[in-house]
Amino acid sequence: MTLYDIIADLRREHPTPAATETLDLVVTELGRTRDNLKSTAAALDSKPVPPGGKQVLAELMERARAAGLDDLDFGPDPYDKPPVEPLDVGTAGIGALLVISSIAGVALAVLAVVMGLRAIFSTGG
């Protein structure tokens, strides 16, 4: 059983708008705390919870504690800042060749435009 299974069970057991809104707040906050219910509950203490939502939140905490899911720790967010990889010689060489070929392509395009404009204005005057 996961934390989200418990939330789904509570949604079925408490089909009231207040319970639904409270559980929506919990799921939103779980996304920010990387599924740590203790941190989520602490963050929700400072936010207004709909009337009747405190009982649903307390029941969620009780069930999660009984299942051992109230204080999950998945470590730091891997998508926050990816680790910097060292640049090897082969990759640096490929990058240098790409830079040189890009500059050469732009230079050739500018040269073609200048020569075209020169041909247009030299025959017209």
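Our subject is the structure listed above.
First, a word on scope: everything that follows refers to the structure included in this document. Within each chain, residue numbers correspond to sequence positions counted from 1 in written order. In keeping with the predicted nature of the model, local features appear solely for residues at pLDDT of at least 70, side-chain atom pairs appear and are counted solely at 80 or more, and the whole-chain, interface and lining totals rest on all residues. Side-chain numbers come from the whole structure's heavy atoms, not from hydrogens or water.

### Focus: a nonpolar patch on the surface
Judged by side-chain polarity, V113, L117, I120 and F121 come together as a nonpolar surface patch covering roughly 430 Å² of accessible area. Position of I120 among the secondary structure elements: in helix α5 (residues 89-124). Patches in this entry comprise residues that are over 30% relatively accessible and not in a salt bridge; like charges within 9 Å are linked, as are nonpolar side chains (Val, Leu, Ile, Met, Phe, Trp, Tyr) within 5 Å. Accessible areas in this description were obtained via Shrake-Rupley with a 1.4 Å probe; residue shielding takes into account the shown protein chains only. For this document, the term salt bridge refers to a Lys or Arg side-chain nitrogen within 4 Å of an Asp or Glu carboxyl oxygen. Helical segments are the DSSP runs of H or I of at least four residues, strand segments are the runs of E of at least two, and each set is numbered from the N terminus.

### Quick look at helix α1 (residues 3-13)
Exposure classes here rest on a 1.4 Å probe applied to the protein chains alone. A residue is buried below 20% of its type maximum, exposed above 50%, and partly exposed in between. Three or more residues of α1 are buried, namely L3, I6, I7 and L10. Projected down its long axis, α1 carries its buried residues within an arc of 100 degrees, all on one side. Any two residues whose heavy atoms approach within 4.5 Å are treated as being in contact. On the buried face of α1, the contacting elements are α2 (17-32), α3 (37-44) and α4 (53-67). Taken from the helix axis, the directions to the C-beta atoms give the arc we talk about.

### Side note on the nonpolar core
Nonpolar cores were defined as sets of buried Ala, Val, Leu, Ile, Met, Phe, Trp, Tyr and Cys residues, with membership established by side-chain atoms within 4.5 Å. One finds L3, V26, L37 and L60 to be the most contacted residues of the largest nonpolar core, which totals 17 residues. Sorting the residues of this core by element identifies α1, α2, α3 and α4 as the ones contributing at least two each. The greatest single-element share of this core, amounting to 5 residues, is contributed by α4.

### Points about the pattern of salt bridges
Taken as a whole, this structure holds 7 salt bridges when the rule is applied. Among the ionic pairs, D24 bridges to R11, the shortest N-O distance being 2.8 Å. With D24 in helix α2 and R11 in helix α1, this residue pair connects regions lying 13 residues apart in the sequence. Using a relative accessible area of 29% as the deciding quantity, one classes R11 as partly exposed. Residues E29 and K47 are paired through a salt bridge, measuring 2.9 Å at the closest nitrogen-oxygen approach. With E29 in helix α2 and K47 in the loop between α3 and α4, this pair connects stretches of sequence that are 18 residues apart. Via salt bridges that share partners, E13, E59 and R63 belong to a single interconnected network.

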